[in-house]
Amino acid sequence: CVFCSCPTSKMAAVKKSPFIVTLEMNLVVVVLTVLGLVSRLWNLHHPPAVVFDEVYYGQFVSLYMKRIFFLDDSGPPLGHMLLALGGYLGGFDGNFMWNRIGAEYSSNVPVWCLRLLPALCGGLTLPLAYQIVVELGYSCWAGAAAALLLLFG
């Protein structure tokens, strides 16, 4: 079927073309991702006590776990809900007083699950910063420097 566009001629052309899959990895992005995740996830359960922002956000997580309606003017509730999802998946029942920094966690608080999402997001900012700087037209060295500033800053 040289002069017509019947499906058999199209299928023959597709069958003759090779199927090629390529994979390109930027080693700098991989190293920055590993460094970011290791630095943020290392010893995540330590200290076993309330730290700075957990006083504020922990109260919202407890309210979500108890299914209590509340209004908060700090911003959209998605961030609070995602933190509450970590608590829900970890089996948190919402019974903890988030009243002061340094208060020891009880056994019913899944510290690791509550801190996991912020740690993942923090770790993934390194490759994101690198990619943003490179996409802006700067060198790979400038992107790596920006990422390392986030790592050590």
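Here, every reference points to the structure presented above.
Residues numbered from 1 in each chain as written. Predicted model: local features only at pLDDT ≥ 70, side-chain atom pairs only at ≥ 80, totals over all residues. Heavy atoms only, no water.

Focus: the layout of surface pockets
Reasoning step 1: Here the largest pocket is characterised by a volume of approximately 240 Å³.
Reasoning step 2: Surrounding the largest pocket, 14 residues form its lining, Asp53, Glu54, Tyr57, Leu114 and Pro118 being those nearest its centre.
Reasoning step 3: Sorting the residues of the lining of the largest pocket by element identifies α3 (54–65) and α5 (111–123) as the ones contributing at least two each.
Reasoning step 4: Its residues assigned to classes, the lining of the largest pocket comprises ten nonpolar, one polar and three charged. (1 Å grid on protein atoms, 1.4 Å probe; cavity = no way out; pocket = protein on both sides within 12 Å on 5 of 7 lines; lining within 4 Å. Points joined across faces, edges and corners; volume = space filled by probe spheres on them. Helix = DSSP H or I, 4+ residues; strand = E, 2+ residues; numbered from the N terminus. Nonpolar A, V, L, I, M, F, W, Y, C, P; charged D, E, K, R; others polar.)

Describing α5
Reasoning step 1: Between its first and last C-alpha, α5 extends 18 Å over 13 residues, near the 18 Å set by a 1.5 Å rise per residue.
Reasoning step 2: At Leu117, α5 is bent by approximately 30°, the largest bend along its length, and proline Pro118 sits one to four residues beyond.
Reasoning step 3: If you check which residues of α5 are buried, you get Val111, Leu114, Arg115, Ala119, Gly122 and Gly123. (Expected span 1.5 Å × (residues − 1). Bend = angle between axes of the 7 residues up to and from the residue. Buried < 20%, exposed > 50% of the residue type's maximum accessible area, 1.4 Å probe, protein only.)

Digging into helix α2 (residues 27–41)
Reasoning step 1: For α2, with 15 residues, the first-to-last C-alpha span of 21 Å sits near the 21 Å given by 1.5 Å per residue.
Reasoning step 2: Contact partners of the buried residues in α2: α5, α6 (125–135) and α7 (140–152).
Reasoning step 3: Put simply, Asn26 is the residue that caps the front of α2, since its side-chain oxygen is 3.1 Å from the backbone nitrogen of Val28.
Reasoning step 4: Two residues or fewer past α2, Asn43 is found with a positive phi of approximately 55°. (Contact = heavy atoms within 4.5 Å. Polar contact = N/O pair within 3.5 Å; in protein donor to acceptor, adjacent residues only side chain to side chain.)

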